[in-house]
Each structure stands twice: as structure tokens, then as C-alpha cells.
Amino acid sequence: MALLEIENLCVDFETRSGGLFRAVDGVSLTVEPREIVSIVGESGSGKSVAMLAVMGLLPKTARVSADRLAFEGANLMGISPAARRRVVGKDIAMIFQEPMSSLNPCFTVGFQIGEALSTHLGLGRAARRARAIELLDLVGIPSPESRLAAFPHQLSGGMSQRVMIAMAIACSPKLLIADEPTTALDVTIQAQILELLVRLRDEKDMALVLITHDMGVVAETAERVVVQYAGRQVEEADTAALFRDPHHPYTAALLAALPERATEKHLPAIPGMVPGQWDRLDGCLFAPRCDVATDLCSRVEPTRAGADLGRALCHTPLVAGRPTRRADAEGVPA
Amino acid sequence: MLSFVLRRIALTVPTLFALSFLTFVAIRLVPGDPIEVRRGERGISPERLEFFRHELGLDQPVWKQFLDYVWGLLHGDFGVSIISQDSVLKEFLTLFPATLELSLFAMAFAVIFGVPFGVLAAVRRGSVFDHGLMGIALFGYSMPVFWWGLLLVLFFSVTLDLTPVSGRLDLIYYFEPVTGLMTIDSLLSDQDGAFKSAILHLILPAIVLGTIPLAAIARMTRSSMLEVLEEDYVRTARAKGLSPFRVIGLHALRNALIPVVTTIGLQGGTLLAGAVLTETIFAWPGVGHWLIESIFRRDYPALQGGVLLISTLLVLVNVAVDILNAVINPRIRHGR
Amino acid sequence: MVDDVILAPPSPARALWADFAVNRGAVGGLVVLLTILAIAAFANLIALHDPMEQFREHVLQPPVWAAGGSWDFPLGTDDVGRDLMARIVFGARFSLFIGFSVVVVSLAVGVCLGLASAFMGGLVDTAISRVMDLIMSVPSLVLAIVVIAIIGPSLANTIVAVTVVYMPRYVRIVRATAQAELAKDYVTASRAAGSGAFRLAFVTVLPNCLAPLIVQAALGVSDAILEAAALGFLGLGAQPPTPEWGAMLSSAREFIQRAPHVVTLPGLAILVTVVSINLMGDGLRDALDPKLKRS
């Protein structure tokens, strides 16, 4: 049974002007136990919002809808807050981008880790302390006993993130969602944290959803990749396949921009910006920035291609770098 | 922690020094003959004039007068009241417990209602609770204190005859003051009904005095809570599956209270200023009333000493607030 | 699909008004304030009688809705037979004048001192800050009383006293925001382009400090009105027979049982004025503060 099943997840935000802004549009994802899936995209692609919706951490102005949203077979949509609290923090955990501000500055590290333990596992004081030390050790923090009484502002970025991870895995979750865990950290620390996450997956039998904008991280760590653009899922494939033969022009452009793949002196940056609230248009949202866009692309929204083409959201997905007309493109005007 | 406290207290010294300079200059600026201003006598004969001039040190150079003044202050000499011929300090200390009791009850009222109002308004942002509570806070904030007092007296004392109009205690009771705080003294005195009388006399003035701080605290708590609720660590707390009570009451509130504590402390000044008005309306025998009486009776030494003492008090309250802040917010403690 | 497609973001001025107007209370406050301003401006057209004229036969007459009242004196009369409505209507002039004067002077002086403090730093900054701290370490009304004791009670001196008491707030705001702006790159760029100190201070930096300053100024008017009324109530402000609202309450105290309207109505006037200003000020603050904006 799949661990996490998401089908056609949509998230709308109420805006001040009265309308609705669609931040996530039709995202589908299945995560199997012990899998590492990466969701990749630029800022504004809705990748974080989608996962926050799964956790139920969106503000009241958000409206979440999905054909299916289930964890271990149990429906997550519309469950009572109390029922949700039994799952969140225990079986599904999440860590965030800014570790320094994600820890409460008024309480010690030991207290904050202990909270998860006492809420979900009902551990007593001594047991909490022992387990907290164990966890800090597990995430690679030296002399853990002395760290228990530390306040968050006394920790460095890398340490803070390790503490966040320790807090997240305290109850041995089956799924850990990591929202850009290394973006705010030094490059040297990045590698360590990623390594830690993979090691924890191995040791603790945990699935990992890694949200990032860094394709390099994806290549190193993920087994499967979902590419998101402007709230839409534009491609989904195994990592190796994606890197070998990207099907959506956006994916291809992302890969082309990697320094490792540079063929000339100038890195091919993708011109333009992700469309914001005020720039949504007809047709494909990526069309204005796409190398191979046609007239059709700016008029008609693309449908999803088959799994062999990475379920790409494109009228003319790339095959070996060349846009090809789809076999299933029926009745779509040329 | 101790070093922080000591440093903070040391910082008050220049302020207190500057305050004494301020009052020193102020009394010299009062129009009229300086001796008349300070002794209250008019048409003094030349011999007495010389006597006073020497006694008040007015024949000395100004800087020496100032040093003598400061020296006197450090020895508890805040001047002599023209009206009572008593030491200003002694008068102040006699009347201060009344103001203190009133202020404590007023602040308690303000905090006990203000903080929950603010939290509720923040958590239920945009709801009828929010608008209603903040509407009440707005009125409380905009109320002229003296009018509010008169209004409450009109309603509760005159119309409903529930509470007394003025004073601290019904005249039928008498006991020696032990602490100066009527509520405690009345309990200690063991006289039937004395405590109830003390409380009844205290209710209305405390509500009147505490209204503006209540409004300020409620508003501050609400805006602080709203900010804190957006913070990453609140999201983390929710992501841990903690109950909303814990998330809001512990994680959010603890951080949100930091600026609120500052506000509470800053209300100290409002309380002392408001005490002046409240005590006047309720004929409450505290230092605020005494200060107003001083100015009308041209008892300038009392005014000068009183202002200095009240301001010193305010400075000390601010120090206490800073220390309390450091206790609540670990970041300040460690010098960040 | 998306319900509404909004095609273009609103212009800054419209956006500000939209943010402000969402707060119906703020708009209400603005309307009431404008009404009060109009009443004050056209006081002599609105009032039925001269505010100083004493009608000895009509002493302490109740307002028109109570027994014994009449439309001659819609809000009743005070203890020497003066028309309360006229006094309240004319009183608006004094209170509003005091409020605005205090704020204008405080702003002018406060901006100069605050900018001087931020730009010149060092000894000037320390001196100004210490003096401001000193002023703020005395409770507001107490300091005002001391100032009045020195310069004597009158309407004009009320303005002086209240200005002295409230000015440090403006200095602090300007100093803090200016210091924050000084660290930013656009200031360095302007300096590099050769801006003189004066231009730098007033043209480059000051406009960016405006938001909190505007809010403080708006709310400062109501603070000043309350403080002036308090002084009036204590008999230290405008002297009789000037129809200043606070002073009116002072003389009315003893009649609270016999003729409550003499107490309730002037106070109500103060309350309504202050509430409307505060509502408006709050609305301004919410509209100008980006942190509280939603999507």
C-alpha cells in the first residue's frame, strides 16, 4: 500500500481583492514506504504549499480540495483537528527552510524535543531526557547532554537544522517532509544535512519527500522527481530517466542551467519570471518563457502526456531534446 | 543575569541625576521671588529676607546650590512643605501607600482582562469577538479618565447606590495603619465589615484608573499575538501535532508577551499620571491628589519634591520592567 | 477553475485607499472627524446663542429630551445659564486647535531633532536622546503640570506644555527610522552622487520614515486633546469663561447629581472626537503597515 496518496490536489487562497488565487493546481503524487521523492521548482511554484496542505498547516484563507488525499490508506481530507493532530508530528513530520527561526526562542532545545515525545508517546521526564540525548546523538550533534539546555539563538544554522530533524524524527515518523532544508545553510553544511537525511531514511525505515529548487540536490539524493511550475505539476519521472531524457521544456531548461552541464561560457538562464497573481494568462503558463513554444501553446492549456513521457504537461513534449507531437493529441487544433 | 541587573541599575544613575537637575532648574523658573516661592510668605522684612536667603543657600553660587541640593537629596532631604511644614519626603511616604494600592489593583484589573481580551481577539481575528473587544479597547483608550470616573460615580454611586463616592474607608472604621494598604490593614484589624468597606471603596477608582492600561494592553497583546502567530516556530509547533491550546497558550503567548510586558511597564507612567486625575475625582488621599493640591496652594517645595519622587519611581519601574523582560526573553539575557 | 480573474494590480494610491476603506470603522471615524471639523468651522452658524451669554432665568436647564427642557437650549444650560450646545460647539474649536497645534509643532521640532540625532550621531545624538529620555521619565500629566506651574495656566500655555510632554515620541520615531534607513544602500548611493546633508536628510531619508510618523501624528492629535482636557479639568488649562471641554467638566463636577447633563455631554463630545481620530489613526496604521497585509 502506498504511504502517501495525493490525487489532483488544488489549493486556493482568498485574496484581498476578493478573488481566489490558485497556488496549487492539480498536483498528484504517490509516495511508497522508504522512497525518496523530490519536488523541485522555482519560488512561487507552489511546492511548499502542496505539502503544507497535506500537513494541514495552511492558514484559514486557504481552501484545499483533492480527489484523494490519504496517508496509509486513511483519508486526510476533512478529518477532525484532533484526529489530524494524532498523525501530524508522529507519523508524518515536516522540517522547514529557516531552522534559525523555526525553533521557539523562549524554550530550550531539550524542552522542544521533549514536547513531541510527551504529546505523542507519553514519555515521562527521565525517559524524555534520555531519548532526547539519543536523538541529538543520532543527528550528529556532539556532546548532546550539554546541548539540552541550550537556547536556539545559541546554535548555528547547521546545528539548528539538526535539532529540527531530531525533533521531527522523535516519534519515528513513517514520512518526513523536508521543505528546502538546506537552502538557508552554508554549502559545506548542506551536504552533511542531506547525507544525514538519507542515512536516517536507511536506519529508520522512513520515506522522505524533499522539496528543493536545487537540481544538484535532486540528482544526489532523490529516487523519483516531481517538477512543479506555477502551481502545476509539469513532469514526473525516476531521477535517472529525468536527467537522461527530460520531457518537459521547463525540466530541460532547469537541467541546462546547471553548471555541471555547461557547454559554453554563459549559463543558459531561463528568461522571464514565474507568473504571479496578476500575470496568469490563457494557454500554457510556461509558454512565455519556453524555447519551443508554438502559437497553440499560448492559446490552449496543455493536457497531460502519458507516463512514458514523464506525464509532462506539454503539447509537444521533448524526446531526446526535440519537441514531438503526441500520439494522444486528438482534436487539438494545430 | 546578575551582571545584567547591576548594569541596568547603574544606567539609572545618570537619569536620576538629570531628573534632579530638572527639578532644580524648574523651581528656579517659577515666576515670583524665589524666597516667597519657597517659604510661602509674602512681604518679608529685610532681616528675615537675609536670614532666609542664607538658610536657603541663595547667596551661594548656583553650581554650589545644585551640589548642596543633590547632597540633600541623597540624605533624604527633599525639602519642606510650606503648608504642612513637614518634610516633603515624609508626606510623600505617608500618602504613597494609598496610590500604590490603587495602582496595583488598577494594573491587576488591566492585566487580568486585557491579556485574555487581546489573545481572544487575535486568535479569532476578524470575528465579532475581535471587533467587539477591540471596540471596547478603543473606547477605553479614548476615554477622558476624569469623565469616565464621574460617569461611573454617577451610575454606581449616585443612581444605584452600590459603591461609595469617595475616600478609602467608611468613617465608622478606624485602625492604625500597618502597611498603609487598606485592604491588608483592614483584614489585619479584624473589624467586621472593614475589609468589605475597603474593597468597595477601591473598586470604582481601580476600574477608572485601570481602563486605559487595559485598553493598551489588550491592543498590544492582540497585535503582538497576530505577529507571533505568523512566525515559523508557531508553524513548527503545529507541525509537531501539539494541541491548539498549547500552541497558542505556550508557544505563541510566551513570545507575544514580551512586548506586552514592556507595554505594561510603560503603562506605569500612564498610571501615575492617571492617578492624579482619579485621586482628584474620588478624593483618594494619595500622592496624585497631594501634587494637585500643592500646585493650587503654591506649595512649590512639595511640588518639586513630589515630581522628583514620582519620576524616580517611574525610572525604577522601568528598570524592573527591563529586568522582567530579560527573564522572559532569553535573548536579552545573553546580550544579543 | 479560478473563479475571478483579476488582471492588473491596483495603483498605489488606490491600494492605500482600498486598504484603508476595508476598515469600515476607520472610514466612519474619518466621516465623524470631518463632521466635527465642519461643526467647529461653522460654529457661529450652528450655535443658537453666544457661548458666553448667561441666561439667569435658565440656570441648569435640562436638555430638550428631559423634563423641563426646551428647544431654545437643545442641550440644556450650565450653572450660570449659558447654552451648553453653543459652548460644546465652540469648544470643538479649542480642542481641535490645541490638538493640531501640538502635533504640528511636535512634528516640526521632532523631525529636526530626530534627523539631527540620526545624522550627526555622537555627542549630539547622546545629548538629544538623554534629554528626550528625561522628559519621558516624568509622567506626562505631572510634567505638564510643572510646565504650567512655571509659565502659568492659559490656553496657549496648554499647547506649550502638551508639546513639551509629547515631543520625545516624534523624536524617537524619526531617530529610529532614520537610523535604520541610513544603513541602507540607497542612502550611500545618494551620498556618492553628491547629496548635501540637508538634501539627504529631508529629501532622501525622511520620506521613507513617514509611515510610523503619520500614524503617530494622527493618534497624537487625540492624545493632545485628552491631555489638554485633563489640564482644563484640573483648572490648569484654559481659564473660565472659555468654553474648553475639559474646563467645562471641572466646573460641572458639583452638579453631577442635580444636572448630570452638564457632566455627560461635554465629556461625550471629547469621547466622540477622540474615538473618531483613533479609529482613523488605526485604519491608517493598518493600511500603511505592510506586515499586516494579506496576499
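Scroll up a little and you will see the structure.
Residues numbered from 1 in each chain as written. Chains lettered and ligands numbered in written order. Predicted model: local features only at pLDDT ≥ 70, side-chain atom pairs only at ≥ 80, totals over all residues. Heavy atoms only, no water.

Draft legend 1. A look at the overall build of chain A. Looking only at helices and strands, chain A features 12 helices and 13 strands. Computed over the C-alpha atoms, the radius of gyration of chain A is 21 Å, within 12% of the 20 Å expected from 2.2 N^0.38 for a compact globule of 334 residues. On the principal axes, the C-alpha backbone points of chain A span a range of 70 × 50 × 40 Å. Contacts in chain A between residues far apart in sequence, at least 24 positions, make up 65% of those at least 6 positions apart. Put simply, chain A shows about 14200 Å² of open surface, and 52% of that area lies on carbon and sulfur atoms. Taking the 34 positively charged and 40 negatively charged side chains of chain A as two groups, their mean positions are separated by 5 Å. (Helix = DSSP H or I, 4+ residues; strand = E, 2+ residues; numbered from the N terminus. Rg over C-alpha atoms; globule rule 2.2 N^0.38 Å. Contact = heavy atoms within 4.5 Å. Areas by Shrake-Rupley, 256 points an atom, 1.4 Å probe, with all protein chains shown as cover. Lys, Arg positive; Asp, Glu negative; His and termini not counted. Charge placed at Lys NZ, Arg CZ, Asp CG, Glu CD.)

Draft legend 2. Broad picture of the nonpolar core. Phe146 of chain B together with Leu141, Ile145 and Leu234 of chain C are the most contacted members of the largest nonpolar core, which totals 132 residues. A total of 17 residues in this core trace back to one element, the largest contributor, which is helix α9 (residues 197-233) of chain C. The next biggest cluster of nonpolar side chains, apart from the first, holds 77 residues, and it includes Val37, Ile177, Leu200 and Ala207 of chain A. (Core = buried A, V, L, I, M, F, W, Y, C linked by side-chain atoms within 4.5 Å. Buried < 20%, exposed > 50% of the residue type's maximum accessible area, 1.4 Å probe, protein only.)

Draft legend 3. Up close: the pairing of strand β9 (residues 207-212) of chain A. Residue and element names in this part refer to chain A. Burial runs high along β9: six of the six residues are buried. Burial of the side chains of β9 extends over both faces: Ala207, Val209 and Ile211 are buried on one face and Leu208, Leu210 and Thr212 on the other. Where strand β3 (residues 36-40) and β9 come together, five bridges link them in parallel fashion. Bridge pairing links Ile39 to Ile211 in β9. As paired elements, strand β8 (residues 175-179) and β9 share five bridges and run parallel to each other. Among the inter-strand pairings, Asp179 is bridged to a residue of β9, identified as Ile211. (Pairing = 2+ DSSP bridges.)

Draft legend 4. Up close: helix α5 (residues 125-138) of chain A. Residue and element names in this part refer to chain A. With 14 residues, α5 extends 20 Å from end C-alpha to end C-alpha; this agrees with the ideal 20 Å at 1.5 Å per step. Along α5, the residues that are buried comprise Arg131, Ala132, Ile133, Leu135 and Leu136. Looking at the packing, one finds that the buried side of α5 touches α4 (109-121), α6 (144-147), α7 (157-168) and α8 (187-204). Positive backbone phi, at 85 degrees, marks Gly140, one or two positions downstream of α5. (Expected span 1.5 Å × (residues − 1).)

Draft legend 5. Quick look at the side chain of Ser137 of chain C. Counting through the fold element by element, Ser137 of chain C comes out in the loop between α5 (122-136) and α6 (140-151). Among the residues examined, Ser137 of chain C registers a relative accessible area of 5% and is labelled buried. Within polar-contact distance, the side chain of Ser137 of chain C engages the backbone oxygen of Leu134 of chain C at 2.7 Å. Apart from the residues within four sequence positions on either side, Ser137 of chain C is in contact with Thr15, Leu19, Ser311, Leu314 and Val315 of chain B. (Polar contact = N/O pair within 3.5 Å; in protein donor to acceptor, adjacent residues only side chain to side chain.)

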